[in-house]
Amino acid sequence: MAAAHKHRLSGARLGDSLFAPVLRWLVRERVLPTTPDIPADQPVCYVLESDALSSQMILQKVCRAAGLPLPFEPLSEVPGERLRRLVPLQHLRGWIVRRTDWRAHLDDLSLLLETCEADPELDLRLIPVSIFLGRARDKEAGWFKVLFSENWPVAGRFRRLISVLLHGRNTLVRFSRPISLRQALEEDLGHPRTARKISRLLRVHFRLTRTAVIGPDLSHRRTLIDGILRSRRVREMIRAEAEKKKQSERRVRKRARGYALEIAADYSHPLIVVCARILRWFWNRIYDGVRVHHLNHLLNVPKGAEIIYVPCHRSHIDYLLISYLVYDNGFPVPHIAAGVNLNMPVAGSIIRRGGGFFLRRSFAANPLYSAVFHEYVDTIFSRGVAMEYFIEGGRSRSGRSLRPQTGMLAMTVRSFLRHRQRPVVFLPVYFGYERLVEGNAYLSELSGGRKKKETLAGLFRSFSILKQKFGQVDVGFGRPLNLSQHLSACHPGWADEIPADGARPPWLSAAVDELAEGVMRGINEAAAVNPINLVAVALLSSPRNAMAETDLVAQIDLLRELMRELPYSSLTAVTDLPAADIVAHAERLGVVQRRADPLGDLIVCDDTQAWRLSYFRNNILHLVALYSWCACVFRNNVTFAREDLLRMGRVIYPFLKDELFLVWDTPQFLAACQDCLALFERLGLLLPSDQPGLLKRAHGETFQALQLRLLSRPIFSSLERFYITVALLVKNGSGQLSAPELETLCQLTARRLAVIYAFDTPEFFDRRLFKNFIRMLRRAGVLETAEDGKLVYDEALEIVIQDAKIVLSKEVRHAIWQLTPAPPGSDRLEAA
């Protein structure tokens with residue numbers, strides 16, 4: 001054994017001395033984690049998946065650069081032996097015919113165990129290290145696989161040489177957590193059994209790491225599509241469709257194949273490598289930087305788990321950014337669900353080869369397409385392929401979080417119930433921009449223009465963005481949501497139920513809805529507050545979207561102080577740029593203008609800029625909702641009873657929570673209100689009162705009163721929409737309007753108010769917001785639907801009317817009330 005170790009040590013040192021200069025030129029490695037967890041007080045021994053000389057020398061290079069113990073050094077803790085600090089799990093024997101020796105490393109492990117047992121103070125640690133040259137998935141046989149893939153089988157000398165030449169500058173080195181041999185000895189299994197157990201654990205570890213980095217094996221796209229068409233679900237649908245439409249099964253099968261070809265991705269690793277390099281240049285060209293928050297949530301996902309990325313959807317850039325970040329941090333690029341509108345010439349092919357698969361906006365009326373799509377999702381899910389889909393369905397034009405679309409979530413959960421081979425983790429992702437590439441298009445759509453269809457010509461016109469700067473981008477990874485744990489919370493007996501093929505459990509819809517809400521709350525928790533968000537919240541709270549620069553700086557400082565002292569979540573990141581620099585930054589990006597004035601410069605924005613700024617204000621409405629609500633009651637009241645504020649909060653909070661996807665339940669929100677009021681008092685926004693339980697603000701001419709009034713504005717439009725809905729219901733009477741009729745009337749009323757009184761930006765009359773509010777009233781039991789489809793209510797709505805009198809000014813109440821003629825018998829409400 002000693003002779004073999006000596007031979008290995010001398011050979012490795014010779015290879016290091018000969019090839020180290022070459023490797024310095026050929027290899028550019030990325031090390032994860034950037035600071036490996038190497039114990040300083042205990043000896044370590046590195047474990048590689050194979051004894052490939054290139055891997056050993058790359059590890060030697062990395063350790064030398066990081067100042068870590070070198071793997072080619074002899075392990076001095078093993079007396080009388082020339083064993084290195086390196087144990088490869090697989091040894092390739094033979095010069096011409098190469099065969100794998102799976103047992104040679106067991107002697108090394110046994111020797112290390114004996115050494116630890118002989119010295120009770122010694123605790124040798126094994127550090128598994130995975131090295132990947134390129135990261136192509138195993139897709140095709142032949143030389144392309146040899147030349148372009150980091151493959152599952154152990155590579156021979158020639159193939160490894162080609163891999164170093166082709167992929168050396170795209171090398172990933174991943175250090176894993178140490179394994180304590182002292183703890184392994186405590187199980188008292190004997191050296192041979194303990195060595196075999198450690199070997200088995202290490203083999204599983206390397207297999208899971210390889211899956212996490214390069215992804216699972218992917219068969220050829222044609223083979224995958226053939227498998228989909230052979231599935232029982234699709235075959236039964238083909239027969240049913242043929243009978244229904246009186247067509248031959250062959251013809252229907254051909255149509256099903258066309259659907260599958262339209263849907264399926266065609267992953268190409270060479271394209272991914274090229275795109276990664278182009279995108280790295282692209283980010284530096286149009287952005288001042290990409291800030292990534294809480295990347296540990298991705299890096300710490302358990303190996304072997306299938307990751308489902310569920311980001312919010314702000315821009316087409318989202319697709320590119322998340323794929324780039326995932327790939328750049330050593331994870332396989334996910335398969336991305338993209339709208340079929342993006343399947344246009346050139347761009348569609350690139351998206352498909354980058355992992356995109358296409359789906360139609362609606363396919364409920366096409367059961368054959370639905371069956372093919374469900375089977376495709378089920379197939380890639382069963383293979384452990386990471387997926388990504390935008391839970392809001394489409395891009396948010398207003399900057400608000402949209403209601404989640406649960407179709408893809410439901411498919412994922414049903415696939416999990418069918419297969420259950422591996423844990424599934426949903427990873428919420430937040431995107432925050434300072435300027436939007438699609439800003440002009442969103443502005444046009446919000447102003448009443450029609451959405452422009454994506455075309456190749458439009459794609460080429462978009463290259464003009466390369467001449468512009470769009471500030472910085474924030475990407476926040478939220479807390480992972482484990483699907484098994486979620487299902488156990490929603491339906492404890494789910495694991496014992498095996499649904500029939502295609503069956504939908506009765507509890508599934510409620511579980512999926514709650515999962516969707518949890519994902520949206522997770523996205524909001526990971527929000528990052530950038531300078532434009534703060535300028536937008538502060539400046540749009542002023543009556544004419546203009547403020548003295550000193551007042552704007554003070555209001556931004558107040559917002560940051562509130563977010564630091566009473567944060568929405570521990571994951572929320574807030575820019576640390578000084579307030580004056582924040583204003584200057586917004587001015588450089590062209591979102592505000594400076595107007596010189598003898599009494600001090602003014603910061604203003606015109607109507608177009610205000611509409612754009614409203615997008616970025618809406619990104620963080622959920623972060624300021626608590627402060628804004630507590631400030632609202634003091635807009636029209638110098639004093640207010642604490643008990644009344646909490647009572648009103650108990651009534652209004654469920655609707656705010658539903659609209660903004662807030663994280664608190666009602667008791668937590670009321671407790672947060674108490675903390676917020678205490679913070680207002682410490683900051684001087686509220687004054688001490690002589691009467692217990694009575695809250696008092698400063699007089700209207702003071703700067704503190706101005707700050708409190710500005711702070712109340714962000715969610716004021718939500719309260720105005722609530723009051724519009726309730727007022728129209730009460731004025732028209734119980735049983736007079738159906739839900740669609742009420743939605744239309746609310747939208748028309750809000751649009752008219754926006755024109756006459758300049759209440760807010762176009763989102764103020766967004767029909768979906770009224771629809772969601774009406775849905776919440778029905779869910780809460782305040783509204784019920786009669787047999788004729790009309791909405792009926794009881795006297796509970798009158799409480800909301802009375803509370804609206806407290807929060808809204810008389811002018812606003814009068815404006816809302818006068819727009820719709822009151823039916824007979826409503827005089828008492830009008831007087832109210």
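Throughout, residues of each chain are indexed from 1 in the direction in which the sequence is written. Per-residue local features are limited, in this predicted model, to residues with pLDDT of at least 70; the limit for side-chain atom pairs, both in listing and counting, is 80 or more; totals at the level of whole chains, interfaces and linings are taken over all residues. Heavy atoms from the whole structure form the basis of all side-chain values; hydrogens and water molecules are not counted.

Caption draft 1: Highlighting the overall build of the chain. Where helices and strands are cited, they refer to DSSP runs of H or I of at least four residues and of E of at least two residues respectively, numbered from the N terminus. In terms of regular secondary structure, the chain is built from 34 helices and 26 strands. For the chain, buried positions account for 55% of its 832 residues. The contact definition used throughout considers only heavy atoms, calling two residues in contact when any of these lie within 4.5 Å. In the chain, once contacts between residues fewer than 6 apart in sequence are set aside, the share between residues at least 24 apart is 76%. A total of about 36800 Å² of accessible surface is found on the chain, and carbon and sulfur atoms cover 54% of it. Note on exposure labels: buried denotes an accessible area under 20% of the residue type's maximum, exposed denotes more than 50%, and partly exposed covers the range between, all computed with a 1.4 Å probe on protein chains only. For the area figures, the Shrake-Rupley method with a 1.4 Å probe applies, and any residue is considered shielded solely by the protein chains shown.

Caption draft 2: Just the packing of helix α21 (residues 531-539) against helix α24 (residues 607-619), in detail. Here the axes come from fitting lines to C-alpha atoms, over the contacting stretch only for helices, and the angles between their N-to-C directions go from 0 to 180 degrees. Relative to each other, α21 and α24 sit at 105 degrees, their axes nearing to 8 Å. In this view, α21 runs roughly perpendicular relative to α24, as classed from their interaxial angle. Contacts between α21 and α24 involve Ile532, Asn533, Ala536, Val537 and Leu539 from the first element and Leu613, Phe616, Arg617 and Asn619 from the second. Any angle from 65 to 115 degrees is called roughly perpendicular, while one under 35 is roughly parallel, one over 145 is roughly antiparallel, and all others are oblique.

Caption draft 3: Examining the packing of helix α16 (residues 407-419) against helix α20 (residues 508-525) more closely. Where α16 meets α20, the axes come as close as 10 Å, and the angle between the chain directions of the two elements is 120 degrees. By the angle between their directions, the pair α16 and α20 is classed as oblique. With respect to the hand of their crossing, α16 and α20 are arranged in right-handed fashion. Seen from α16, the contacting residues are Leu409, Ala410, Val413, Arg414 and Leu417; seen from α20, they are Leu508, Val512, Leu515 and Ala516. Across the contact of α16 with α20, the residue classes tally to 8 nonpolar, no polar and 1 charged. Handedness of each helix crossing follows the sense of rotation of the near helix against the far helix: counterclockwise by less than a right angle gives left-handed, clockwise gives right-handed. Residues are sorted three ways: Asp, Glu, Lys and Arg are charged, Ala, Val, Leu, Ile, Met, Phe, Trp, Tyr, Cys and Pro are nonpolar, and all the rest, Gly among them, are polar.

Caption draft 4: Expanded view of the packing of aromatic side chains. Here a Phe, Tyr or Trp ring, Trp counted by its six-membered ring, pairs with any other such ring whose centre lies within 6.5 Å, and the pair is stacked when the planes are under 30 degrees apart, edge-to-face when over 60, and tilted otherwise. Scanning the entire structure with this criterion turns up 21 aromatic pairs. Where Tyr46 meets Phe175, the ring centres are 6.4 Å apart and the plane angle is 70 degrees; that geometry is what we call edge-to-face. In this pair, Tyr46 is assigned in strand β2 (residues 44-48) and Phe175 in strand β7 (residues 171-175), connecting sequence segments 129 residues apart. Considered together, Tyr46 and Phe175 belong to a single accessibility category, that of buried residues. A network of ring pairs unites the aromatic residues Tyr259, Phe357, Phe363, Tyr369, Phe373 and Tyr376 as a single cluster. In our convention, an over-ring charge means Lys NZ or Arg CZ found within 6 Å of a ring centre and within 35 degrees of that ring's normal. A cation sits over an aromatic face here: Arg174 above Phe331, 5.1 Å from the ring centre. Above the plane of the ring of Phe470 lies Arg435, whose end atom (NZ or CZ) is 4.6 Å from the centre.

Caption draft 5: Up close: the pairing of strand β6 (residues 125-133). The element β6 is extensively covered by neighbouring structure, given that 8 of its 9 residues are classed as buried. Pairing between two strands is assigned when DSSP locates at least 2 bridges connecting them. Strand direction decides the pairing type here: β2 and β6, joined by 4 bridges, are parallel. Paired with Tyr46 across the bridge in β6 is Ile127. Inspection of the sheet shows β6 paired to strand β8 (residues 179-180) by 2 bridges, in the antiparallel sense. Directly across from Leu126, in β8, lies its bridge partner Ile179. The pairing of β6 with β7 spans 5 bridges and is antiparallel. Along β7, the bridge assignment pairs Leu133 with Thr171.

Caption draft 6: Molecular detail of helix α3 (residues 104-118). Multiply 1.5 Å by the residue count of a helix minus one, and that product is the helix's expected span. For α3, spanning 15 residues, the distance from its first C-alpha to its last is 22 Å, which sits close to the expected 21 Å at 1.5 Å a residue. Across the 15 residues of α3, 11 count as buried, placing the element largely inside the fold. Of all the positions in α3, only Ala104, His105, Leu106, Asp108, Leu109, Ser110, Leu111, Leu112, Leu113, Thr115 and Cys116 are classed as buried.

Caption draft 7: Region of the structure containing the sheet that holds strand β21 (residues 602-604). Spatially, the 3 strands line up as an open sheet ordered β18-β21-β20, and their pairing is antiparallel. Each end of this open sheet is capped by a strand with a single partner; those strands are β18 (546-548) and β20 (593-595). In this sheet, neighbouring strand axes are inclined to one another by 30 degrees on average, regardless of whether the strands run parallel or antiparallel. With 3 bridges joining them, β18 and β21 adopt antiparallel strand pairing. When the sheet's bridge partners are listed, Ala546 is paired in β21 with Val604.

Caption draft 8: Spatial organisation of the pairing of strand β24 (residues 694-697). Burial of β24 is one-sided: the residues Leu695 and Arg697 facing one way are buried, the residues Leu694 and Lys696 facing the other way are not. Relative to β24, strand β22 (residues 639-641) runs antiparallel, the two being bridged by 3 bridges. Opposite Ala641, over in β24, you have Leu694 as the bridge partner. Relative to β24, strand β23 (residues 686-687) is paired through 2 bridges, and the arrangement is antiparallel. Looking at β24, one finds that Leu686 is bridged to Arg697. The turn joining β23 and β24, which pair antiparallel and follow one another in sequence, is formed by 6 residues; a positive phi near 80 degrees is taken by Gly693.

Caption draft 9: Molecular detail of the side chain of Arg403. Tracing the backbone through its elements, the reader meets Arg403 in the loop between β13 (387-388) and α16. A distance of 2.6 Å separates the side chain of Arg403 from the side chain of Glu517, its partner in a polar contact. Residues contacting Arg403, with those up to four places away along its chain left out, are Ile391, Glu392, Glu517, Asp658, Phe661, Asn772 and Arg775. Within 3.5 Å is the distance limit for a polar contact, defined as a pair of N or O atoms, with the added protein rule that one can donate a hydrogen and the other accept it, and that residues adjacent in sequence qualify only through two side-chain atoms.

Caption draft 10: Local environment of the sheet that holds β23. The sheet built from 3 strands is open, its strands ordered β22-β24-β23 with antiparallel pairing. Each of the sheet's edge strands pairs with one partner strand only, and the pair in question is β22 and β23. Contacts from helix α26 (residues 642-660) reach β22 and β24, with the element oriented near 65 degrees to β22.

Caption draft 11: Geometry of the side chain of Glu659. Positionally, Glu659 belongs in helix α26. When near neighbours in sequence (up to four residues on either side) are disregarded, Glu659 contacts Arg400, Ser718, Arg721 and Phe722.

Caption draft 12: The pattern of salt bridges, seen in detail. Whenever a carboxyl oxygen of Asp or Glu lies within 4 Å of a side-chain nitrogen of Lys or Arg, that contact is scored as a salt bridge. On inspection of all chains with the given rule, the structure shows 36 salt bridges. Taking the shortest distance from any N to any O, the salt bridge between Arg560 and Asp557 comes out at 3.6 Å. Of the two residues, Arg560 and Asp557 are both situated in helix α22 (residues 549-565); the distance of 3 residues between them amounts to about one turn of the helix. In this structure, Glu681 engages Arg642 in a salt bridge whose closest nitrogen and oxygen atoms are separated by 3.8 Å. Highlighted residues: Glu681 in helix α27 (residues 666-682) and Arg642 in helix α26, separated in sequence by 39 residues. Classification of Glu681 as partly exposed rests on a relative accessible area of 38%. Here Arg642 falls in the partly exposed class, since its relative accessible area comes to 24%. Counted as one network, the salt bridges with shared partners bring together Arg403, Glu517, Asp658 and Arg775.

Caption draft 13: Local environment of the nonpolar core. Ranked by internal contacts, the top residues of the largest apolar core, which has 191 residues, are Phe357, Phe373, Leu626, Tyr627, Trp629 and Phe680. Beyond its immediate sequence surroundings of up to four residues, Leu626 is in contact with Leu566, Trp664, Phe669, Ala672, Cys673 and Cys676. What makes a nonpolar core is a set of buried Ala, Val, Leu, Ile, Met, Phe, Trp, Tyr and Cys residues whose side-chain atoms join them at distances within 4.5 Å. Among the nonpolar cores identified, the runner-up in size contains 24 residues, and Val31, Val62, Leu68 and Ile131 belong to it.

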